[in-house]
Amino acid sequence: MGNMETIFIFLGFMAGAVIGSFINAAAMRTVAEKKWWGRERSVCDKCGRELNSFDLVPVISYLVLQGRCRTCLSVIPPRHFIAELTGGILGAFSVWYWGLSAPLFFSFIALFFMLFHSLTDIESGYIYDSWAIASAVVSLLARIPGGLPALIDGALGAILGFALIYAIVLISGGGMGTGDAMMMIGIGALMGWKLTILSLYLGFMTSGLIVIPLLLAKKINRKDAIPLGPYLAAGCILAIFTGRYIFDYLGLSLGWPWSNI
């Protein structure tokens, strides 16, 4: 690994950690029905002290402060650190995996929106339609350099993703929320129709690997509300990094940008 590659990977980690920090704040404020844009400043959840730049360095501040507020010494919720670290790791891995390319840009779009949907779904059980639509719009705009075939692929992915989950919503009689279907619009527009199918498959497989053992251990029961958003997000991220190998094995090609490497 050359020096420049190491620098780019480090910058990828920092960019991902910054995205994780921002998205965590935006998600929590959205759930709390507070503004996350403009000049709204972050404060300690317990004592209300306005946080300064020393408190807000992604990953590092949490470690230096040992997970506690400098003023009141109350415990900082671990989700802040987890979101930042997750964003950093995925950012670094994306740079290492894709290099400076169009798929790298799409990977960071996925990181941005998938992390937001996961956090709001875990925190409140709700996926926000406005953010789902925004992810679809951003993804389709990002596809413009790929030309009309890339736009059609994104549109088909959005339609297919929504239709498959909405069909499950109808069949389940309300057992699933329409927010999951809205989330799939954004995933489909980002991934294209082939990777949308793979994303759904990997998402459901991931949920099964986690939920079934919890059911068997009686940590949860069938009547518990289980957020699907984080698993759909996991499926999307896994498809980004495994899709080209799986479809190469199947003898199928992927559309732009995923065929750009």
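Going by the structure above, here's the rest.
One structure accompanies this document, and this report is about it.

## Points about the packing of aromatic side chains
And then number 1: Inspection of the entire model under this criterion finds 19 aromatic pairs.
And then number 2: With a centroid separation of 6.3 Å and 85° between ring planes, the pair formed by F105 and F106 is classed as edge-to-face.
And then number 3: Owing to a relative accessible area of 1%, F106 belongs among the buried residues under this scheme.

## Concerning the side chain of R244
And then number 1: Structurally, R244 can be placed in helix α9 (residues 229-249).
And then number 2: In this structure, R244 is buried with no salt-bridge partner, the nearest side chain bearing the opposite charge being D248 at 6.5 Å.

## Looking at the pattern of salt bridges
And then number 1: Enumeration according to the criterion identifies two salt bridges in this entry.
And then number 2: Residues R70 and D55 are paired through a salt bridge, measuring 2.8 Å at the closest nitrogen-oxygen approach. Placement of the pair is R70 in the loop between α2 (60-64) and α3 (78-98) and D55 in the loop between α1 (3-31) and α2, with a sequence separation of 15 residues.
And then number 3: Note on D55: relative accessible area 11%, which makes it buried.

## Comments concerning the nonpolar core
And then number 1: Within the largest apolar cluster, 52 residues are counted, with the highest numbers of intra-cluster contacts made by M114, I187, M191, C236, I240 and W258.
And then number 2: When residues of this core are traced back to their parent elements, those giving at least two are α1, α3, α4 (102-124), α5 (129-142), α6 (147-172), α7 (178-191), α8 (193-216) and α9.
And then number 3: Counting residues per element, this core draws most heavily on α4, at eleven residues.
And then number 4: Not counting chain neighbours up to four residues away, the residues in contact with W258 comprise W98, P103, F106, S107, R143, L190, M191, L195 and I240.

## Details of α6
And then number 1: Relative to the 38 Å expected for 26 residues at 1.5 Å per residue, α6 spans 38 Å between its end C-alpha atoms, a close match to the ideal helical length.
And then number 2: All of the buried residues along α6 are A150, D153, G154, G157, A158, G161, I165 and V169.
And then number 3: Looking at the buried residues of α6, the elements they touch are α5, α7 and α8.

## Description of the layout of surface pockets
And then number 1: Taken as a whole, the largest pocket spans an internal volume of roughly 1000 Å³.
And then number 2: In terms of lining, the largest pocket is formed by 41 residues, of which the most central are A25, S42, V43, L51 and H80.
And then number 3: Among the secondary structure elements, those contributing two or more residues to the lining of the largest pocket are α1, α2 and α3.
And then number 4: Ranked by the residues each element gives to the lining of the largest pocket, the list is headed by α1, at nine residues.

Conventions used here
- Residues numbered from 1 in each chain as written.
- Predicted model: local features only at pLDDT ≥ 70, side-chain atom pairs only at ≥ 80, totals over all residues.
- Heavy atoms only, no water.
- Phe/Tyr/Trp six-rings, centres within 6.5 Å; stacked < 30°, edge-to-face > 60°.
- Buried < 20%, exposed > 50% of the residue type's maximum accessible area, 1.4 Å probe, protein only.
- Helix = DSSP H or I, 4+ residues; strand = E, 2+ residues; numbered from the N terminus.
- Lys, Arg positive; Asp, Glu negative; His and termini not counted.
- Salt bridge = Lys/Arg side-chain N within 4 Å of Asp/Glu carboxyl O.
- Core = buried A, V, L, I, M, F, W, Y, C linked by side-chain atoms within 4.5 Å.
- Contact = heavy atoms within 4.5 Å.
- Expected span 1.5 Å × (residues − 1).
- 1 Å grid on protein atoms, 1.4 Å probe; cavity = no way out; pocket = protein on both sides within 12 Å on 5 of 7 lines; lining within 4 Å.
- Points joined across faces, edges and corners; volume = space filled by probe spheres on them.

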